[in-house]
Amino acid sequence: MFRILGFFILTFVAHARASAQPEPLVIEGQTMGTTYRIVYFDEPQRRNLKSSIDSLLSQVNRSINTYDPTSDISQFNLSERGICPTSNHLPDILGRAKKIYRASDGTFDPTVMPLVNAWGFGPHEPTTPTVETVDSLKRLVGFDKLRFSKKTIRKKNAGLQLDMGGIGQGYGADMMFLFLKSKGIQHMLVQLGSEGIA
C-alpha cells in the first residue's frame, strides 16, 4: 500500500515539475555610464551568461566610449588622419550611423563632437562658445568628410571627431540581443539605459 502511495506521490511531483512554468533568468550590470538588465528564458540549460555579456560590453566600450582615452573612437579623435580599429565595433556602428545620416538628410551626424565639446556636453568643462567659434567648428563637421571600412577609418581634416552618444546605447543593446540569439535564446527582454529590445 505504502509503495503504491509513494509511487503516485513521486509521479505527481514529477508531473507538477514538468508542467510548471519555467522561471526567467535575470542578468544586471553597469555599462556606458548607465545600467543594463536582461530577462530571458533558457530551458533546460538555464545558463548564466553574465560574464559573456560583460565581456561583450567591455569590447564595445573599448571601441566607442569617448570617455576612455584608449578607446578606438578616442584614438581616432586625437589622430591627424585616422586609425586602424582594433575591432569591428566602430566600423559597424559607423555603418549604422551612415544610414541614419542619410535617412535624416544630415540631421543626425556623429561628427558633431567638436561642437559637443565646445558647449561642454562632452568630457570638457561647460562653456558658452562665441558665434565665431561655432561657425569655425561647423567647418569641421560632416559625415561626408569621413571614409571607413572594416580595416581603416579616415578623416579629411585633423579636426574631425566622432561622438556616438546618439546611438551608442542602442548599439550595445543590439549587440547583447544578437549574442543571446546566437546562443539559441528566443525569448528575452534586453534593456540598456533607455533602450530596450524584446
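Residues numbered from 1 in each chain as written. Predicted model: local features only at pLDDT ≥ 70, side-chain atom pairs only at ≥ 80, totals over all residues. Heavy atoms only, no water.

*Asks:* Tell me about the packing of helix α2 (residues 50-64) against helix α7 (residues 168-182), residues and numbers included.
*Replies:* Two measures define how a pair of helices packs: the angle their axes make with one another and the distance between the axes. Between α2 and α7, whose axes approach to 10 Å, the crossing angle comes to 145°. Considering the relative orientation of α2 and α7, their crossing is right-handed. Of the residues in α7, those in contact with Ser 52, Ile 53, Leu 56, Leu 57, Val 60 and Ile 64 of α2 are Gly 168, Tyr 171, Gly 172, Met 175, Met 176, Phe 179 and Leu 180. (Axes fitted to C-alpha atoms, helices over the stretch in contact; angles between N-to-C directions. Helix = DSSP H or I, 4+ residues; strand = E, 2+ residues; numbered from the N terminus. Left-handed = near helix turned anticlockwise from the far one by under 90°. Contact = heavy atoms within 4.5 Å.)

*Asks:* An account of unusual backbone geometry is requested, with residue identities and associated values reported.
*Replies:* Omega for the bond connecting Glu 43 with Pro 44 falls within 30 degrees of zero, at 0°, which places this linkage in the cis form. Tracing the backbone through its elements, the reader meets Pro 44 in the loop between β2 (34-40) and α2. Of note, Met 32 is a non-glycine position whose phi angle comes to about 50°, a positive value. Backbone geometry places Asp 105, a non-glycine residue, at a positive phi of 55°. Note on placement: Asp 105 falls in the loop between α4 (89-103) and α5 (113-118).

*Asks:* Requested: an account of the nonpolar core, with residues and values cited.
*Replies:* Counting 39 residues, the largest nonpolar core has Ile 38 and Leu 180 as the members making the most contacts within it. Contributing elements (two or more residues each) for this core: β1 (25-31), β2, α2, α3 (72-78), α4, α7 and β6 (188-192). Ignoring anything within four residues of it in the chain, the contact list for Ile 38 reads Leu 25, Val 26, Ile 27, Ile 53, Met 176, Leu 180, Leu 189 and Val 190. (Core = buried A, V, L, I, M, F, W, Y, C linked by side-chain atoms within 4.5 Å. Buried < 20%, exposed > 50% of the residue type's maximum accessible area, 1.4 Å probe, protein only.)

*Asks:* Before we move on, can you summarise the sheet that holds strand β4 (residues 146-148) with the specific residues and values?
*Replies:* If you walk across this open sheet you meet the 3 strands as β3-β5-β4, and the pairing is antiparallel. The open sheet has two edge strands with one neighbour each: β3 (82-83) and β4. Two strands pair when backbone bridges link them, and β3 and strand β5 (residues 153-155) are joined in this way by 2 bridges, in the antiparallel orientation. Following the sheet pairing, Ile 83 is matched in β5 by Ile 153. Packed on one face of the sheet, α4 meets β3, β4 and β5 and runs near 130° to β4. (Pairing = 2+ DSSP bridges.)

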